[in-house]
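Chain residues, written in single-letter form:
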Amino acid sequence: MASVAFLGTGLLGGAMVEGMLRRGDAVTVWNRTEAKARALQAFGATVAATPGDAVAGAGRVHLTLPDDEVVDQIVAAVTPRLAKDAIVIDHSTASPRGTRARVARLNAAGVKFLHAPVFMSPQMARDSIGIILAAGPQAVYDAVLDTLDAMTGEVWYLGEDGDRAASYKIFGNSMLFVIAAGLSDVFAMAKGLGIPPAEALTVFSKFQPGGVIKARGDKMARGDFSATFELTMARKDMRLMLEAAAGQPMTVQPAIARAMDDAIAKGHGQDDLGAIAAEVLR
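Participant: Any chance you could explain a nonpolar patch on the surface here in plain terms?
Facilitator: Taken together, the side chains of Met175, Val178, Ile179 and Ile213 present a nonpolar region at the surface, about 350 Å² in accessible area. Ranked by the residues each element gives to the nonpolar patch, the list is headed by helix H8 (residues 164-193), at 3 residues. Within the secondary structure layout, Val178 lies in helix H8.

Laid out in structure tokens, this is it:
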């Protein structure tokens with residue numbers, strides 16, 4: 001039975017703890033809002049009064065904390081009480097630059113620290129499925145690979161550069177946000193056209209645009225703007241979208257329209273839609 005400390009038991013962290021307890025780990029938890037930690041007692045967790053009390057004697061320490069500042073504060077507070085061979089695994093979504101510095105600083109100081117953010121919902125964490133990214137010293141990663149494997153369906157080690165997992169995590173989250181914003185605009189258009197939201201979504205049972213990320217993304221990354229969807233024609237379609245909303249507030253389409261207009265003004269009108277990234281990719 002592994003002795004584990006888990007600091008930060010919100011929606012994701014609490015679900016991870018439930019999964020660990022189900023797999024037979026002995027888990028001591030701490031959370032700034034104590035009630036969230038107390039809720040895990042029903043699953044077999046032990047609640048600690050302080051972060052330091054939680055980590056005392058633990059072989060692994062897991063973190064799911066809000067941001068860089070809190071991660072730094074908590075790690076500094078618990079470091080004096082870490083067991084000699086304890087490994088700290090940080091699942092927090094944090095800044096790439098802050099994480100890179102943290103991974104380097106802590107490992108140089110003798111704290112075995114790995115950044116391992118996740119693409120998992122709380123239910124996925126309970127069910128031990130999803131993706132865990134990892135970055136940090138190879139030896140630290142190797143020592144916890146079995147643990148990470150047990151937590152998820154896939155572990156993706158991105159190497160020793162401490163910022164790489166943090167970078168990929170925010171890349172992925174950014175696309176989730178764009179999808180949510182795009183759906184908001186679909187609903188705005190549907191409302192403007194008198195179509196119920198659920199009915200509007202049925203188009204995506206036939207047309208599934210996820211493959212565009214790979215197909216157009218590869219071309220854009222190479223700076224290849226040869227047209228498969230000419231930007232001027234895409235801008236015409238954008239006009240139709242804005243008109244369809246009939247004054248309903250839209251989240252991302254107006255900003256995209258401005259980016260299209262800017263790219264067309266710079267001479268990309270006959271290029272592919274992907275040319276809206278031409279300045280970024282120069």
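Once you've had a look at it, read on.
Participant: Would you mind showing me how to read the packing of helix H4 (residues 68-78) against helix H5 (residues 96-108) here?
Facilitator: Relative orientation and spacing of two packed helices are given, respectively, by the angle between their axes and the distance between those axes. Direction vectors running N to C along H4 and H5 enclose 15°, while the axes themselves pass 11 Å from each other. The angle between the axes of H4 and H5 places the two elements in the roughly parallel class. Relative to H5, the crossing made by H4 is left-handed. Facing H4, whose interface residues are Asp68, Val71, Asp72 and Val75, H5 presents Gly98, Thr99, Arg102, Arg105 and Leu106. Tallied by class, residues from the contact of H4 with H5 come to 3 nonpolar, 2 polar and 4 charged.

Participant: What am I meant to see in the environment of Met189 here?
Facilitator: Tracing the sequence through the fold places Met189 in helix H8. Among the residues examined, Met189 registers a relative accessible area of 16% and is labelled buried. Linking Met189 and Pro249, residues 60 residues apart in sequence, is a C-alpha distance of 9.3 Å. Setting aside chain neighbours within four positions, we find Met189 in contact with Met241, Ala244, Ala245 and Met250.

Participant: Teacher, can you tell me more about the packing of aromatic side chains here?
Facilitator: In the structure shown here, the tally under the stated rule is 3 aromatic pairs. On the basis of an interplanar angle of 10° and a centroid distance of 4.1 Å, the ring pair of Tyr141 and Tyr157 is categorised as stacked. Taken together, the positions of Tyr141 in helix H7 (residues 138-151) and Tyr157 in strand E9 (residues 154-157) put the pair 16 residues apart, joining distant regions of the chain.

Participant: Where do I start with the side chain of Thr152 in this structure?
Facilitator: Summarising the element assignment, Thr152 is placed in the loop between H7 and E9. Using a relative accessible area of 6% as the deciding quantity, one classes Thr152 as buried. Among the polar contacts made by the side chain of Thr152, one reaches the main-chain carbonyl oxygen of Gly130 at a distance of 2.6 Å. Once residues within four sequence positions are removed from consideration, Thr152 is found in contact with Met120, Ser128, Ile129, Gly130, Ile131 and Ile132.

Participant: Just to check I follow, could you spell out the layout of surface pockets for this structure?
Facilitator: To find leftover empty space, a probe the size of one water molecule is rolled over the atoms. Roughly 1600 Å³ of internal volume is contained in the largest pocket. Elements with a contribution of two residues or more to the lining of the largest pocket: H8, helix H10 (203-206), helix H11 (212-221), helix H12 (231-244) and helix H13 (253-268). The dominant element in the lining of the largest pocket, judged by the number of residues it contributes, is H8, at 7 residues. In the lining of the largest pocket, the residues fall into 28 nonpolar, 5 polar and 2 charged. Approximately 370 Å³ is the volume found for the second largest pocket. Contributing to the lining of the second largest pocket are 21 residues, with Gly10, Leu12, Gly13, Thr64 and Leu65 lying nearest its centre. For the lining of the second largest pocket, the leading source of residues is helix H1 (residues 11-22), giving 3 residues. The residue inventory of the lining of the second largest pocket, partitioned by class, reads 8 nonpolar, 10 polar and 3 charged.

Participant: Can you walk me through the pairing of strand E6 (residues 112-115) in this structure?
Facilitator: Across a regular strand the side chains alternate sides, sitting on one face of the sheet and then on the other. Here strand E5 (residues 87-90) runs beside E6; their pairing, made up of 4 bridges, is parallel. Its bridge partner lying in E6, Asp90 is registered against His115. A crossover links E5 with its parallel partner E6, the connecting element being H5, and its sense is right-handed.

Participant: Would you explain the sheet that holds strand E1 (residues 3-7) in this entry?
Facilitator: The strands that make up a sheet pair up through hydrogen bonds in the backbone, lying either parallel or antiparallel. Taking strand neighbours across the sheet as the criterion, the 6 strands line up as E3-E2-E1-E4-E5-E6 in an open arrangement whose pairing is parallel. With partners counted over all chains shown, the strands left at the sheet margins are strand E3 (46-47) and E6, one partner each.

Participant: Looking at this structure, how should I read the nonpolar core?
Facilitator: Counting residues in hydrophobic clusters, the biggest one holds 29 residues, and the most contacted among them are Val17, Val27, Val29 and Leu148. Mapped by element, the contributors of at least two residues to this core are E1, H1, strand E2 (26-30), E5, strand E8 (131-134), H7 and E9. Once residues within four sequence positions are removed from consideration, Val27 is found in contact with Val4, Phe6, Val17, Met20, Leu21, Ala45 and Thr46. Formed by 22 residues, the second largest nonpolar core is a distinct cluster that contains Trp30, Ala48, Ala86 and Phe113.

Participant: Help me understand unusual backbone geometry in this model?
Facilitator: Most peptide bonds adopt trans geometry, and most residues besides glycine take a negative phi value. Backbone geometry at Ser128 places phi at a positive 60°, although glycine is not the residue there. The topology assignment puts Ser128 in the loop between helix H6 (122-127) and E8. Look at Ala246: it is not a glycine, yet its phi comes out positive at around 50°. Along the chain, Ala246 falls in the loop between H12 and H13.

Quick notes on the rules
Each chain carries its own residue numbering, running from 1 in the written order of its sequence. With the structure being a predicted model, the display of local features is reserved for residues of pLDDT at least 70 and the display and counting of side-chain atom pairs for 80 or more, all residues being used for whole-chain, interface and lining totals. Values reported for side chains reflect all heavy atoms of the structure, with hydrogen atoms and water molecules removed beforehand. Like charges within 9 Å and nonpolar side chains (Val, Leu, Ile, Met, Phe, Trp, Tyr) within 5 Å are joined into patches, using only residues over 30% in relative accessible area that form no salt bridge. Per-residue and other accessible areas follow the Shrake-Rupley method at a 1.4 Å probe size, with only the shown protein chains counted as cover for residues. For this analysis, a salt bridge means a side-chain nitrogen from Lys or Arg found within 4 Å of a carboxyl oxygen belonging to Asp or Glu. Helix and strand definitions follow DSSP, with helices as H or I runs of at least four residues and strands as E runs of at least two, each counted in order from the N terminus. The angle between two axes is taken between their N-to-C directions and runs from 0 to 180 degrees, where each axis is a line fitted to C-alpha atoms and a helix contributes only its stretch in contact. Under this scheme an angle from 65 to 115 degrees is roughly perpendicular, one under 35 degrees roughly parallel, and one over 145 degrees roughly antiparallel; angles in between are oblique. Take the far helix as your reference; a near helix turned counterclockwise from it by less than a right angle gives a left-handed crossing, and one turned clockwise gives a right-handed crossing. The contact rule is simple, with two residues in contact once any of their heavy atoms fall within 4.5 Å. Gly is placed with the polar residues, together with every amino acid not listed as nonpolar (Ala, Val, Leu, Ile, Met, Phe, Trp, Tyr, Cys and Pro) or charged (Asp, Glu, Lys and Arg). For each residue, the accessible area found with a 1.4 Å probe, counting protein chains only, is set against the maximum for its type, and the residue is called buried under 20%, exposed over 50%, and partly exposed in between. Classification of ring pairs rests on two measures: the distance between centres of Phe, Tyr or Trp rings, Trp counted by its six-membered ring, which must be within 6.5 Å, and the angle between planes, read as stacked under 30 degrees, edge-to-face over 60 and tilted in between. For the purposes of these results, a polar contact is taken to be a pair of N or O atoms within 3.5 Å, where, inside protein, one atom must be able to donate a hydrogen and its partner to accept one; residues adjacent in sequence count only when each atom of the pair is a side-chain atom. Here a cavity means grid points, on a 1 Å grid over the protein atoms only, where a 1.4 Å probe fits yet cannot get out; a pocket means an open set of points with protein on both sides within 12 Å along at least five of seven lines; lining residues are those with an atom within 4 Å of a point. Grid points are joined across faces, edges and corners, and a volume is the space filled by probe spheres set on the points. Strands qualify as paired when DSSP identifies two bridges or more between them. Looking down the strands as they point away from the viewer, one classifies a crossover as right-handed if the path from the first strand across the helix to the second runs clockwise. Each nonpolar core is a collection of buried residues, namely Ala, Val, Leu, Ile, Met, Phe, Trp, Tyr and Cys, held together in the definition by side-chain atoms within 4.5 Å.

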